[in-house]
6 protein chains.
Amino acid sequence: MFFQVQQLINPIVADEPDPSAANALQEGLGGQFGEMRTMMQYMFQGFNFRGDAIPYRDLIQGVFMEEISHVELISKTINQLLDGAPGYKGDKFEAPGKGGHATMDNAKTEMNPHHFIVGAQGSLPVDAAGNPWMGSYVHANGNLVLDLLDNLVLESTGRLQKCRIYQMSENKTLRATVAFLIVRDEAHEMAFAKALETLGVDWRSMLPIPKFESHKLPEVKKLLDAGVHREQYHFRLDGSMMDKIFQGASPAKDETDLVTLDRPREEYEIPIMPERPEEFSPGLDPELQELADALVVAKEKVNGRGKK
Amino acid sequence: MFFQVQQLINPIVADEPDPSAANALQEGLGGQFGEMRTMMQYMFQGFNFRGDAIPYRDLIQGVFMEEISHVELISKTINQLLDGAPGYKGDKFEAPGKGGHATMDNAKTEMNPHHFIVGAQGSLPVDAAGNPWMGSYVHANGNLVLDLLDNLVLESTGRLQKCRIYQMSENKTLRATVAFLIVRDEAHEMAFAKALETLGVDWRSMLPIPKFESHKLPEVKKLLDAGVHREQYHFRLDGSMMDKIFQGASPAKDETDLVTLDRPREEYEIPIMPERPEEFSPGLDPELQELADALVVAKEKVNGRGKK
Amino acid sequence: MFFQVQQLINPIVADEPDPSAANALQEGLGGQFGEMRTMMQYMFQGFNFRGDAIPYRDLIQGVFMEEISHVELISKTINQLLDGAPGYKGDKFEAPGKGGHATMDNAKTEMNPHHFIVGAQGSLPVDAAGNPWMGSYVHANGNLVLDLLDNLVLESTGRLQKCRIYQMSENKTLRATVAFLIVRDEAHEMAFAKALETLGVDWRSMLPIPKFESHKLPEVKKLLDAGVHREQYHFRLDGSMMDKIFQGASPAKDETDLVTLDRPREEYEIPIMPERPEEFSPGLDPELQELADALVVAKEKVNGRGKK
Amino acid sequence: MFFQVQQLINPIVADEPDPSAANALQEGLGGQFGEMRTMMQYMFQGFNFRGDAIPYRDLIQGVFMEEISHVELISKTINQLLDGAPGYKGDKFEAPGKGGHATMDNAKTEMNPHHFIVGAQGSLPVDAAGNPWMGSYVHANGNLVLDLLDNLVLESTGRLQKCRIYQMSENKTLRATVAFLIVRDEAHEMAFAKALETLGVDWRSMLPIPKFESHKLPEVKKLLDAGVHREQYHFRLDGSMMDKIFQGASPAKDETDLVTLDRPREEYEIPIMPERPEEFSPGLDPELQELADALVVAKEKVNGRGKK
Amino acid sequence: MFFQVQQLINPIVADEPDPSAANALQEGLGGQFGEMRTMMQYMFQGFNFRGDAIPYRDLIQGVFMEEISHVELISKTINQLLDGAPGYKGDKFEAPGKGGHATMDNAKTEMNPHHFIVGAQGSLPVDAAGNPWMGSYVHANGNLVLDLLDNLVLESTGRLQKCRIYQMSENKTLRATVAFLIVRDEAHEMAFAKALETLGVDWRSMLPIPKFESHKLPEVKKLLDAGVHREQYHFRLDGSMMDKIFQGASPAKDETDLVTLDRPREEYEIPIMPERPEEFSPGLDPELQELADALVVAKEKVNGRGKK
Amino acid sequence: MFFQVQQLINPIVADEPDPSAANALQEGLGGQFGEMRTMMQYMFQGFNFRGDAIPYRDLIQGVFMEEISHVELISKTINQLLDGAPGYKGDKFEAPGKGGHATMDNAKTEMNPHHFIVGAQGSLPVDAAGNPWMGSYVHANGNLVLDLLDNLVLESTGRLQKCRIYQMSENKTLRATVAFLIVRDEAHEMAFAKALETLGVDWRSMLPIPKFESHKLPEVKKLLDAGVHREQYHFRLDGSMMDKIFQGASPAKDETDLVTLDRPREEYEIPIMPERPEEFSPGLDPELQELADALVVAKEKVNGRGKK
């Protein structure tokens, strides 16, 4: 069974809208090696797990839980990068384009027009080339060694692609999220590499993938200094055996140690996204708005908690 | 952020393996109107929600949380229906088929051979015709009325398909899970229909879809008698405004009332699936098994909690 | 603009249900070389036609019109082959499976369970392997010679596949429809081959494809004797230039002549398909049925015309 | 059986070519909620209809007929927006690019290069992100209430997306067609909402979706003033029972009444698209052209009828 | 540039037709981890290779060459398993089914009817569930370590699936081919594991995947005894640097040594597949046959070489 | 069995990078009528060939061999057009973007961002709209006449699309490759047209498709003057019967004769692609590079042969 807290795993940093950066980041969400894939792959591996090697199952399921938060984080980042992109400044109940003036004139030449036609300046379950996510991305072979090795390749490819996306834009909203994912993908590489280490492999000089001086990227360095790349969270309310595996010397052979925690040390408020009349989103007219408002008198009590 | 408890939302009932029933049930998992779709659709609608009509967001996200449990429940049910299907009784480290005898002879004529070749007698992210799940199934338009109406269609179609699957097999493992989902889909119909009712619609005699005397199905009747079809859970550790909507008279106009709870009244132990040597799952040989065993001395402490 | 008459282009012949024959016939409906493809390919070629060679456009559009009737004919044939397949004999408003007895027990092992879960024992836009139809099947290059040659290949492949399907079942419902399509595909081969002949090709001994003594198939012979394989209809209410091309000696070099008509010489009543309670189709309960009945007092006047 | 008149349901308005507007409009043609989907969904629902509630079948099939005209209208609009886009002005039989000068230099950076490589500056069965149309878009459940509700969602989503596309360009060719479709989608919303009203629902303040002052869009206002949003055509040459449903007060509760007609009040000439040598379309060289010309001496008689 | 010799890499062993075994084997041909994937993945990695680490490129390309032979071998094996499956014994120019007798009656209930409708009892580019092969299966990241690790996962998953298929049938035609591929996939695991070993990894007890006593499978044992699992061929007519990597102690740590050869030690005649009139394949009627025969007077000289 | 020589079939001509030209050329690689399709279609037709009409099989397989070279040529051309496109000039082991400066800033707005995120500025198995290649593109019907006619359509459509791509850019790298493919596609049209001619067709004035004065394109003229459009190579090390068909007067009726050769008259060195640190390709850090270098002391001996 699964539970939610309305908080983000990393903050959304403010910067200008950038729809093409949003589109690049779609690869990290709905791409073949993106977060929807990791989320669903670990979910299926966990649900289909055979045998009693429980620490391995708990490791896989713990990363599964984190991946939902990553999907949320990327989704919110894409939304922020898209929000207001075509620049409409109309009032709440005003009919956009009413005078024959095009309010989303740029939208038709953005990388993926679906961000404006299908979504309301919001994230989509597609990759950076606009292809929908597919169930065949999920690998759950049921062979423990192979599934762990497949997961290592998955995290490594995801990290490689995010390293490339990092360089495609200086937008701070993009970079804050991508840097966090580069670091967390490294932690997940460690998780699966360590699990394979318990089954005999010695990785020596090979990890992480890709291997480069990632601390030279300033947003990454901050997280490395905080040790975020060597922590793993199990997100289990009833205890976990993940720490049987995720502990001791890192398989990156860099003198660091792995640490299992029950949840991240910090969590962050989720900003409420503004209405976008030019998208008819949420699209309540005055009459419907009045009906909806009748329900929400107590809303500030629930959603105003912010960063702890 | 998201959390897990290693418990099921409904129990797995024992009966004989039935691979074709497992395949039919795949429609409820990876079909266009299956639980992966509902899970991902409500997830995207929640993450992309615009405006401050928080009770509607909380309603959608609460159902999202439940859908992950449904994916888990269907996955475990499929596994149970597939498990041991080809009837191999070999020992743990024995090479299957070693004497030239085919140990999975039936597998090649089962409805979807992928259950045996790609998965290890385990669930797959595909539908009952073997098509992989697609991201394009997810509808998240960003227009509140339309999204709610789309969700109502989604739950209704899911319920219709499960009513059809119910009649395709008398297997108790299948029927226990399908009956539970028929009832919960009805609850979700109520959730979205009620949300639309707050925005003005009067459903009169139309609901639920399909409309028939579902209490004549014995497994369903038991759940209706317990009121499971009029409850909704929010699964939020930090509170929810779902109950602003999900309360009062049911839109089915049948004299019942809707009740919001923080979590289901009961939860159920998840059985550990046995090893299947003929699938090389988990595929540890004596040497690897010894390494893995070294990690799991404490396992019984964590996983032996059962039904509360 | 487009118009409809509620009549079939060939009659549905009665025989026993045969779901696997229905599934084979899906290839002729939703397969890569099936009638949905021909319908959509000629539609796009017609709408995208460039230049003033109007007789070629009118030829393509005339065949487009016929293909919609073929889609209708195959769809109705599949429905007939599926109808009642699992053998449920319940009453109209009775809850199927109510006593725990499976009313569609066979359905889960039929070739495509979607016929029973997704459709209500009805045709689907998929092929015989369950793959959904795709827009990429449509070829509309805009080069006249190439489009005509592509159409010839399309009709020839469609005819080849139907010749194979003919041999896969002796069911009379299947064979009546398939034989008609074998003959009409030959007519369409002639249409596009003749159009290429006007642009210079001499086909000599090559046509039709596949080349065999099709008159030895009794259902085909009857249609050949009636000359159905050398007629083409334009279905235009405002006149057509199709007959500039489709006239004169057949490119099959068999001493026959091509004849253009405005519509087929005969048309056939469309049977009303019975309700199927086990599919909840149409699924009106007594209350809803009463509402619907209020609308249909005059129905017999409209639908009781039959074969002219 | 189906028939054609070579006339459009709405005129093509002249303006400059705009390939990115053409690409946005592809969503309305080949997108998941575009006209190909509506056409095929209503076609399958009509062909698979069960039971004797004929007015509902006739309503669905009447809208099916209209959707073919919409596919034609969008296709022709896309063609007009693409035509001549890269600006080649060569003569009919001249080899384009012959001196090494690129005649379609812009084409490689347009939104979908397939418009120039695969099509000859013509419409394609794809959406605005270039994904091919899929058969799985078609929903034909066979449950009448559910199919009608699904159709309402389909028309509402189509209308929402067209409202968004309207704002993405001021091009008059685009806006004339999109405005017409916004209005007709509203009529189709009324059709299915009214059908559900006959089965009990009271929509009160909810319709149409999206709900906004659409008369503030000038092209839309003109059509609303003419009442086009409250008419529905049955396109049946042998009579229809559609008017049993589509009559009386509109479910939008705006004091208007629904009117069933046998066909639209006006129809419009289809312009002949010019040859495009740079696309080799139609690609007849002088020798082939001479052969083709021999067939078309009488063409002006057939195609020169224009607006009635 | 690429060259062909009309010889097989392993012989086709005779046994009864078995269409469901043929279908299972399709996973090894057109599945996500089948030979079409390995062929295309190594092809793209080779063509896109960056930098001057030539031995790694030559290793990848050498395996690419072998994979084309594997595709050929599986294709021929599937053909053999399908050939004559429905049992028609008609004469060469006879019209099948001419008397109303269904000559391919079984075909419509075989696992994938496409084997009989789309192919002429021949292999298809699809997997065992009928899904077409997709380009997105190909992983060519351009990062050397990651590509090698991805290749190791690919070969391991392929080998796991073939081990499962081995157990699904005792058919000798199937098992001879599958056993050969199990052994060659192990050789390819060694190739990529050794390449990673040169970059630092120590695999210790982990390989091969899956790890079991494969010599207990009699067809496999024969090949292991001949050392086929420790050879790799480069198939280069102009020399290769593959042997810089593929030499020395096997990474399986089993006291064996790796050996690079320019081509396999043996090669095998390709049987000519018989005509199948019921499939209209090749479908030459007497007139066309006579024309074709005029070309082939010398054919026996070319094709009668057999096993060397 | 298959063999390789590390040489190209046509030289790569130097010019500036042009990512949008690279993207257009993807249609010729991974499009529905691109070289991956021709390669796989002829491969399957060859492997599935029935009967003893060996010259036809040898013709099909000879073209198959050439198509692998075309895939290689297009792949290398795309790589050249992409290489260095975003303009990063960093050193080999330097962390790109280290100071927060975006090194691939342009990449996110290029036609297909996958060229930079998924590939390392390298070719992909996709078309110009980013859709992955699909196995359903392959047509292998098993009917000889139909397969030959399908191949003629395939080559004609491929040639038409390349003629369009030619005009989309003046880039010399693009045009050299495209002109070569226009000419070779014409040769392949001749191959299949001639094969059909042996079975009776007289093509008269129809070929090639598209029909225009291609010698007015300077890069094409050079190849026509050299007779490259009338040669075909069989690439068989053990002899071929292709020349029974591919000889005598060309079916284009232009006074030329067809010539069968065992391989092309010339072949060309394959340039080594430089490392791209901003893509982490090949991504060896100093430590890994040292390990790799230990293997490659003899590399210049193997790869420095150039044009013969």
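Check the entry above for the structure.
Residues numbered from 1 in each chain as written. Chains lettered and ligands numbered in written order. Predicted model: local features only at pLDDT ≥ 70, side-chain atom pairs only at ≥ 80, totals over all residues. Heavy atoms only, no water.

Novice: Mind showing me how you'd approach the pattern of salt bridges here?
Specialist: Here the idea is simple: oppositely charged side chains can pair when their charged atoms come close. Applying the stated criterion across every chain, the model contains 158 salt bridges over all chains. In this structure, R276 of chain D engages E278 of chain D in a salt bridge whose closest nitrogen and oxygen atoms are separated by 2.9 Å. The residue R159 of chain E makes a salt bridge to E186 of chain E at a minimum N-O spacing of 3.2 Å. Highlighted residues: R159 of chain E in helix 5 (residues 144-166) and E186 of chain E in helix 6 (residues 172-198), separated in sequence by 27 residues. R159 of chain E sits in the buried class, given a relative accessible area of 0%. Classification of E186 of chain E as buried rests on a relative accessible area of 5%. Shared partners join several salt bridges into a network, and the residues in it are R50 of chain A together with D83, R276 and E278 of chain B. (Salt bridge = Lys/Arg side-chain N within 4 Å of Asp/Glu carboxyl O. Helix = DSSP H or I, 4+ residues; strand = E, 2+ residues; numbered from the N terminus. Buried < 20%, exposed > 50% of the residue type's maximum accessible area, 1.4 Å probe, protein only.)

Novice: Mind showing me how you'd approach the environment of R204 of chain F here?
Specialist: Tracing the backbone through its elements, the reader meets R204 of chain F in the loop between helix 6 (172-198) and helix 7 (218-225). When near neighbours in sequence (up to four residues on either side) are disregarded, R204 of chain F contacts G200, V201 and D202 of chain C together with P251, A252 and K253 of chain F. Among the polar contacts listed, one links the side chain of R204 of chain F to the backbone oxygen of G200 of chain C, at a separation of 3.4 Å. (Contact = heavy atoms within 4.5 Å. Polar contact = N/O pair within 3.5 Å; in protein donor to acceptor, adjacent residues only side chain to side chain.)

Novice: Honestly, the relation of the copies chain D and chain C in this entry has me stumped. Any pointers?
Specialist: Here the two chain copies are tied together by a rotation about an axis and a shift along that axis. Structural alignment of chain D on chain C gives an RMSD of 0.0 Å, achieved by rotating through 180° and translating 0.0 Å along the axis. Within this description, the copies of the chain are treated as partners about a two-fold rotation axis. The overlap is high: 100% of the interface residues of chain D also sit at the interface in chain C, so the same surface is used on both sides. (Least-squares fit on C-alpha atoms with pLDDT ≥ 70 in both.)

Novice: Is there a simple way to explain the interface of chain A and chain B in this structure?
Specialist: Often, the extent of an interface is quoted as the loss of accessible area on bringing the components together. Counting from both sides, the interface comprises 94 residues of chain A and, opposite them, 95 residues of chain B. Taking both sides of the interface into account, the surface hidden between chain A and chain B amounts to around 8400 Å²; carbon and sulfur atoms contribute 62%. By the criterion of area lost to chain B, the three top residues of chain A are M1, F3 and R50 of chain A, representing 13% of everything that side buries. On the surface where chain A and chain B come into contact, there are two salt bridges. The closest approach of N and O atoms between D83 of chain A and R50 of chain B, which form a salt bridge, is 2.7 Å. The interface formed by chain A and chain B contains 41 residue pairs in polar contact (both at pLDDT 80 or more). (Buried area = accessible area lost by both parts, 1.4 Å probe.)

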